[in-house]
Amino acid sequence: MTSAPLEHSGPRGIFIAFEGGDGAGKSTQVRFLAQSFRDAGRQVLVTRQPGGTPLGARIRELLLHGDHVSPRAEALLFAADKAHHVDEVIRPALRAGDVVITDRYVDSSVAYQGAGRDLGADEIHQIQRWAVDDLEPDLTVVVDISAEEGRRRRGTTHDRLESEADDYHEAVRAHFLAMAAANPDRYLVVDGTVDPEAIHAEVILRCRHDGLIA
Ligand code: TYD
């Protein structure tokens, strides 16, 4: 699978996604990697899904802190958030040659709605691909932790999805790992239980290997 072409005029934009269970430590890794790219002289846009645009922030509120949302409606709202976000924020930044690092992307929906909610991973993938007009990350980093460890780290605060049982989170985790195993050229899996600096070193090594950073 290849990303939909971007009309490049300047330097090549780079698109990196972080995925993983709730409480895996993605946001720390996003921050570290953004700093490394900035230190290398790149313009960096850090964003997250759901959210990342004013419309997305409203969708996020409905999805995470609102009342019950039926599974198909949930899948479509996550897709709507991504469609808007990619169009308004991510593609323009990539066209400008920036590095875009996102905390969650398409795979979160494939795992949480497709595998976790039994809506069918393939169907959700199709909906998501349509929503983002086939834009794929250059690299997806899966920060892996067990459902039990994720729950321990989250403590007593849970949003609507986080409050799902461990079985749900284990299905989500298994799906992230399966996607990574099926496409090792596009994925890096890191152990979310080790020291954050060590995880970052692994991510940088892979970015160097892929020619994303010097
Ligand atoms: P996240 O922003 O990581 O939560 P927080 O930073 O508040 O801990 O993600 C919000 C939740 O949304 C998380 O449980 C995963 C879920 N999610 C989906 O179910 N589908 C999606 O497409 C996305 C992007 C997130």
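Before reading further, recall that the structure is shown in the block above.
Residues numbered from 1 in each chain as written. Predicted model: local features only at pLDDT ≥ 70, side-chain atom pairs only at ≥ 80, totals over all residues. Heavy atoms only, no water.

Enquirer: Explanation requested: the pattern of salt bridges in the structure shown.
Expert: Two side chains with opposite charge may pair up if their charged atoms get near one another. In this structure the tally under the stated criterion is 13 salt bridges. A salt bridge links Glu136 to Arg186; the shortest N-O distance between them is 3.5 Å. Placement of the pair is Glu136 in the loop between helix 5 (121–131) and strand 4 (139–144) and Arg186 in the loop between helix 7 (166–182) and strand 5 (187–191), with a sequence separation of 50 residues. For the pair Glu136 and Arg186, a shared accessibility class is recorded, and that class is buried. Across the salt bridge formed by Arg151 and Asp166, the nearest N and O atoms sit 2.5 Å from each other. With Arg151 in helix 6 (residues 147–154) and Asp166 in helix 7, this pair connects stretches of sequence that are 15 residues apart. (Salt bridge = Lys/Arg side-chain N within 4 Å of Asp/Glu carboxyl O. Helix = DSSP H or I, 4+ residues; strand = E, 2+ residues; numbered from the N terminus. Buried < 20%, exposed > 50% of the residue type's maximum accessible area, 1.4 Å probe, protein only.)

Enquirer: Looking at this structure, how should I read helix 6?
Expert: Structurally, the α-helix is built with 3.6 residues per turn, so residues lying three or four positions apart point the same way. When helix 6 is considered as a whole, its buried residues turn out to be Ala147, Glu149, Gly150 and Arg154. Projected onto a plane normal to the axis of helix 6, the buried residues spread over an arc of 165° and lie on a single side. What points out from helix 6, more than 90 degrees from its buried face, is the exposed set Glu148 and Arg152. Elements in contact with the buried residues of helix 6: helix 7. Taken from the residues just after helix 6, Gly155 is the one with a positive phi, measuring 65°. (Arc of directions from axis to C-beta. Contact = heavy atoms within 4.5 Å.)

Enquirer: How should I be thinking about the sheet that holds strand 5 in this particular structure?
Expert: The strands that make up a sheet pair up through hydrogen bonds in the backbone, lying either parallel or antiparallel. An order of 2-3-1-4-5 is seen for the five strands of this open sheet, with the pairing classed as parallel. Both outer strands of the open sheet, strand 2 (44–48) and strand 5, are each paired with one neighbouring strand and no more. For this sheet, the mean angle separating the axes of adjacent strands, direction not counted, is 20°. Where strand 1 (residues 14–20) lies against strand 3 (residues 99–103), five bridges are found, and the strand directions are parallel. Bridge assignment links Ile16 to a residue of strand 3, and that residue is Ile101. On top of the sheet, helix 1 (residues 26–39) reaches strand 1, strand 2, strand 3 and strand 4; it is set at about 160° to strand 1, its chief contact. (Pairing = 2+ DSSP bridges. Axes fitted to C-alpha atoms, helices over the stretch in contact; angles between N-to-C directions.)

Enquirer: Whenever I open this one, the site of the ligand confuses me. Can you help?
Expert: Of all residues adjacent to the ligand, which total 16 residues, the nearest are Asp22, Arg60, Lys82, Arg104 and Gln113. Lys26 places a polar side-chain atom, nitrogen or oxygen, 3.3 Å from an oxygen atom of the ligand. Arg60 places a polar side-chain atom, nitrogen or oxygen, 3.0 Å from an oxygen atom of the ligand. Taken by itself the ligand offers 550 Å² of open surface, and the protein chains cover 87% of this. Contributing elements (two or more residues each) for the shell around the ligand: helix 2 (54–65), helix 3 (71–95) and helix 4 (106–116). (Near = heavy atom within 4 Å. Polar contact = N/O pair within 3.5 Å; in protein donor to acceptor, adjacent residues only side chain to side chain. Areas by Shrake-Rupley, 256 points an atom, 1.4 Å probe, with all protein chains shown as cover.)

Enquirer: Would you mind going over the side chain of His85 with me for this structure?
Expert: By secondary structure assignment, the location of His85 is in helix 3. Once residues lying within four places of it in the same chain are set aside, the contact partners of His85 are Thr47, Arg48, Gln49, Gly51, Gly52, Thr53 and Ile90.

Enquirer: Explanation requested: the packing of helix 1 against helix 8 (residues 196–209) in the structure shown.
Expert: Two quantities define a packed helix pair, namely the angle between the axes and the distance from one axis to the other. Packing of helix 1 against helix 8 brings their axes to within 10 Å, and their N-to-C directions diverge by 50°. When the axes of helix 1 and helix 8 are compared, the pair comes out oblique. Two packed elements cross with a definite hand, and for helix 1 against helix 8 that hand is right-handed. Contacts between helix 1 and helix 8 involve Thr28, Gln29, Phe32, Leu33 and Ser36 from the first element and Pro196, Glu197, Ile199, His200, Val203, Ile204 and Cys207 from the second. Of the residues assigned to the contact of helix 1 with helix 8, the class counts are seven nonpolar, four polar and one charged. (Parallel < 35°, antiparallel > 145°, perpendicular 65-115°, else oblique. Left-handed = near helix turned anticlockwise from the far one by under 90°. Nonpolar A, V, L, I, M, F, W, Y, C, P; charged D, E, K, R; others polar.)

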